[in-house]
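# Fold and geometry: a report
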Amino acid sequence: MSLAKVWLRLSLRDRLMVGILLPVLAVIAVNTAALYEQALRAADTAYDRTLLATAKSIGDQLETQVVGGEMTLRSELLYSALEPFEADNRSRLYYRVDGFQGEMVSGFEDLKPWRGSLPQKGPYAALVDFYDDEYQGSRVRVAVLLQPVVWQGGQGMATVQVAETLELRQTLARSLLMGTLWRQAALVLLIAGVVVWVVHRATLPVRTLSQSLRSRAEGDLTPLDGALAPREIEPLVAATNHLMSRLRDLLETQKRFVRDTSHQLRTPLAVLKAQVQSARRGDLDPMLALAEINQTVDRATTLANQMLALAKVEQLRQQGDAPLLDWADITRDVALDLSALIAEGELDFELNNRQAAPIQSHEWALRELTRNLLHNAIKHCPSGGRLSVTLVADQRHAALTIADSGPGLPPEQRARLFQPFAAGSSRSGSGLGLAICHDIVLSLGGQIELNNREVQGRIQGLDAVVRLPLAKT
């Protein structure tokens, strides 16, 4: 499993703890490495003084003698004389003394002679150089002292090298490091404890909200109480409440749909059953009984289709991402589809929709809206009456006006016609057509009105006006 997947599987509390503690541990690791280097340098500084003292002690014991007419250097230092300079039995000292011409005078022959140069500005007044080397397979610290030797009538420069193994220095450095690491470990534990406590307290509102959701009864979609929620999760609480509100509306719509469907379909089904029983008993002529049954089936089919259309409006509202359509094209197509009904009623029909009206909507919604309104107008127009469809648009809205020459609507019916199953009369249908139109218009952010058209106080017809916002192009 990749680190990214592992990170995504962590809880918010674990992410916070990892995000805080990992940088702290990384800083402590880097600080530990730097501290160890500093401890080693401090140990070198401390023990370099001992090496310098040893070299000076060896230099102070050097003697001169004449051999073959030349002044030479002599050293009779015993190794036992170095024991006082050994701190303990964990480190060893080695030395080498070279004469005036670079010849070895005494000491360990396999200790490599110094070939370096003195630092321009050293920490000591003596002519001394320190460096790290390897001797007999072990790392050593070497001090080189250039010791002036004076005799009567002349002087020379002897080279004294003293090497010490690093066990004691490393032990001191580790001791200093461990002493500091204990304090840093205590600091890490303190930081971890504080982080755990702070993260626990900081995520408590989240866990409280989660527990509140888990303990809710089935179907409980009341809003979450975000009064105690931190500001960082207030948008999450608001979004959750918005989602619950949408789910609550959707469930209410479904419940209402099931309730209304069961109520409205019960009547035609009961009528259909009575008609079938009557036909089986022979109460009616078979052809007349079949005609009545056919009418009942047609009404039930229309009712079922309209209720499905009403449910589909809510479904399209939830989908979003509607395409861009020209309402003018849809209006012409719907008028052409209903041309047979217009011709059957011998209506004086006029269509004015030469102006494009781009609307962002699903095609079914615009077509169903236009078809229902035009179909109602055709149904209520008297034979030979006048019917006009006008579509106009400005910079922001498009307005469709369907004007018929029917009897209009009384005020009390106009107020409730947009409610489901609120037909104007018993012969007007199920009363779902205008409810479908109303829901479609609201889902598109528009307005719908039914206005009586009056001339000198007399109703001359009804104007169905729909205004929809134009799509931004």
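## Quick look at the packing of aromatic side chains
Each pair of aromatic rings is reported with the distance of its centres and the angle of its planes. On inspection of all chains with the given rule, the structure shows three aromatic pairs. When the centroid spacing of 5.2 Å and the interplanar angle of 85 degrees are considered together, the rings of Tyr 94 and Phe 108 count as edge-to-face. On the criterion of sequence distance, the pair formed by Tyr 94 in strand S3 (residues 93-98) and Phe 108 in the loop between strand S4 (104-107) and strand S5 (128-135) is long-range, its members being 14 residues apart. Given a relative accessible area of 24%, Phe 108 falls into the partly exposed group. Feature note: the residues Tyr 94, Tyr 95, Phe 108 and Tyr 135 constitute an aromatic cluster, connected by ring pairs.

## Focus on the sheet that holds S4
Judged by pairing direction, the sheet is antiparallel, and its five strands sit side by side in the order S4-S3-S7-S6-S5 without closing on themselves. On the outer flanks of this sheet lie S4 and S5, each paired with one strand and no other. Adjacent strand axes in the sheet meet at a mean angle of 25 degrees, parallel and antiparallel pairs treated alike. Two strands pair when backbone bridges link them, and S5 and strand S6 (residues 138-151) are joined in this way by eight bridges, in the antiparallel orientation. Note on S6: the bridge partner recorded for Tyr 131 is Val 142.

## Concerning the pairing of S3
Among the six residues of S3, six are classified as buried, and the element is accordingly described as predominantly covered. Of the two faces of S3, the one holding Leu 93, Tyr 95 and Val 97 and the one holding Tyr 94, Arg 96 and Asp 98 are both buried throughout. With six bridges connecting them, S3 and strand S7 (residues 154-165) associate as antiparallel partners. Within S7, the position partnered with Tyr 94 by the bridge is Ala 163. In the sheet, S3 pairs with S4 via three bridges, with the strands oriented antiparallel. The residue bridging Arg 96 from the neighbouring strand is Gly 107, located in S4.

Cut-offs applied
- Residues numbered from 1 in each chain as written.
- Predicted model: local features only at pLDDT ≥ 70, side-chain atom pairs only at ≥ 80, totals over all residues.
- Heavy atoms only, no water.
- Phe/Tyr/Trp six-rings, centres within 6.5 Å; stacked < 30°, edge-to-face > 60°.
- Helix = DSSP H or I, 4+ residues; strand = E, 2+ residues; numbered from the N terminus.
- Buried < 20%, exposed > 50% of the residue type's maximum accessible area, 1.4 Å probe, protein only.
- Pairing = 2+ DSSP bridges.
- Axes fitted to C-alpha atoms, helices over the stretch in contact; angles between N-to-C directions.

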